[in-house]
Every structure is written in structure tokens, then in C-alpha cells.
Amino acid sequence: MTDVAQNRLITRCMARYGITYVRQDPAPVTGPEDPHRYLFGLADPAFAATHGYDTTAGTPRPPRPEEPPLNDDGLTALYGHRPGDTLPMPDPLSEEEAQQTDTGIKVNGVSVPVHGCLGEGYRTLYFPTRMSIDALFPFMLSSEAHTRAKADSRMQRVFGLWSRCMARAGYPGIETPYEVTRKLDFGDDLDGPAAIAAAVRDVACKRKVNLVGFGAAIETAHQKRVASEVADDLAAYRSQRATRLALAATLP
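Residues numbered from 1 in each chain as written. Predicted model: local features only at pLDDT ≥ 70, side-chain atom pairs only at ≥ 80, totals over all residues. Heavy atoms only, no water.

Enquirer: Just give me the short version of the packing of aromatic side chains, but keep the residues and values in it.
Expert: Tallying each qualifying case throughout the model produces 6 aromatic pairs. Ring geometry for Tyr122 versus Phe127: centroids 5.9 Å apart, planes at 45°, classification tilted. Assessed through its relative accessible area of 36%, Tyr122 is described here as partly exposed. A relative accessible area of 14% means that Phe127 is categorised as buried. Ring centres 6.0 Å apart and planes at 90° place the aromatic pair Phe159 and Tyr178 in the edge-to-face group. Residue Phe159 is found in helix α7 (residues 153-168), and its partner Tyr178 is found in the loop between α7 and α8 (180-184); the two are separated by 19 residues along the sequence. Of the aromatic side chains, those joined through ring pairs into one cluster are Tyr122, Tyr126 and Phe127. (Phe/Tyr/Trp six-rings, centres within 6.5 Å; stacked < 30°, edge-to-face > 60°. Buried < 20%, exposed > 50% of the residue type's maximum accessible area, 1.4 Å probe, protein only. Helix = DSSP H or I, 4+ residues; strand = E, 2+ residues; numbered from the N terminus.)

Next up, the structure:
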């Protein structure tokens, strides 16, 4: 929804310069979207037996939308600089700051914002004020929790059990599920017979030691701890996200 809203903001901005610009909205993502699907590596025995370590299988990337053709004025309005211009450009942290910045560039007598309509559309949606919190904030917290969980002594113990199981199956020297493909050096052949055989054993060992079950409990504990450490920022992010979605809903 927010990608579509950003395109609407860009279209509205370009109209200020008398330029009709309708950016194609991104195609909907198909396939699994669960960000935790591979949190502990492969976990689905059926997937492992069919695709090995090729985690992109069954989730084709939608084609990148084509950009509408633009003349030099259009490109200047869109990107915020004349084609071929390599002069440094200011980099405001918010739309509030950008509105106070004069780029010295005009198209059809109208000032062009910093980084053009692309920049204005992005800032309006994600960084309207100096107090805006990065839209990726929750992902940063999730990453921090995951880093802590992997270093947790309880998780290290479970990794050790899994590693010994893999060694008994003929795959020694692999300490964590995150280094299987690198240690076994499958290259691009992630769904070949050797990769499938290793993936099947990998998942079987995870199930034997309940790696995913223990891992999920440990990860959840760290997520809660990380969230409690930044509770005020997280509350502000939720409020700003609601505002962002409300703005998106109003755009034609």
C-alpha cells in the first residue's frame, strides 16, 4: 500500500511542473512472505527434499515496472538535477528540512525539491518531520534480537546438538545452520542432488534436537527484551505508521 501511495505522491509532485507522470505500481509479491520462514535455516522437510537450499524456489520476483519516458525537464523534476549534472546535492533528513532547502533548480518556473519528486514522495511518506522514525525500525529491532539470540548460551547448546547430529550423518565441521551452504560449497547448485541430500539431513537433525522450537522460544524472549528497551520509540513508530497509512488511504 505504501509503495502505491509513494507513486501517487510522485505523480502529484510532477503535476506541479505541468508534467503528466503516472508511475506503474509494483506487482503484488507472490509466494511466502513470512520474514521468519528461514530464521533458523531450512525447517520444512518437503521443501528440503524438493528444492534443497534453493530458498527462491516457487517465489518468482515480479518484473520491475517500466519507467515512463521523460524529456530533460521531466528527468530534472523527477530526480532533482539536470541530466549529466554531477554537482553535490544537499541531503535533508526530513521533508520538513527539505522544504527549507533551495536547490536553485527550476522547471517551468517552479523550484525543484531536493532529490526531485522521487525524494519528496519518499520523505513525505516516511520522513515528514525531524522526529520521524525510520520505517525499517522494527526490522532493525528484529535483527538485533536475532543477533542476541544466536549468541545466547542456550542457543549455542542447541546448535552444538544439531552440529553433532550433522557430523554423524557425514557432514562434520558445520557449527550452525547458517553456514551449511558455505561449508559444503554448493555454489549455484543449491537444488542439486548433493544439496538436497544435505538439506534433508539438515532438517531431520533440526527436528531431532527441536532446534526450531527452542530457537523460537529464545528468539521471542530476546525480541521482548529489545522491545522493552526502546518502548517509547516503538510507541512513536506505531503512531507514525498509523499516520502514514491514513495518508496513503487519502491519496487518489
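There is more to say, and it comes next.
Enquirer: Report on the packing of helix α6 (residues 137-151) against α7, specifying residues and quantitative values.
Expert: Here α6 crosses α7 at 65°, and the two axes come no closer than 5 Å. Every residue of α7 that contacts α6 at Ala149, Lys150 and Ala151 is listed here: Ser153, Met155, Gln156 and Phe159. Each residue belonging to the contact of α6 with α7 can be placed in one class, and the counts come to 4 nonpolar, 2 polar and 1 charged. (Axes fitted to C-alpha atoms, helices over the stretch in contact; angles between N-to-C directions. Contact = heavy atoms within 4.5 Å. Nonpolar A, V, L, I, M, F, W, Y, C, P; charged D, E, K, R; others polar.)

Enquirer: I'd like a description of the nonpolar core, backed by residues and values.
Expert: By size, the foremost hydrophobic cluster in this structure holds 26 residues, and its most contacted members are Leu42, Tyr53, Met155, Trp162 and Leu211. Of all the secondary structure elements, the ones that give two or more residues to this core are α2 (45-51), α7, α9 (193-209) and α10 (211-229). Contact partners of Tyr53, with chain neighbours within four places excluded, come to Leu42, Val180, Thr181, Phe186, Leu190, Ala195, Ala198, Ala199 and Asp202. By size, the runner-up hydrophobic cluster in this structure holds 13 residues, among which are Ile10, Met14, Ile19 and Val112. (Core = buried A, V, L, I, M, F, W, Y, C linked by side-chain atoms within 4.5 Å.)

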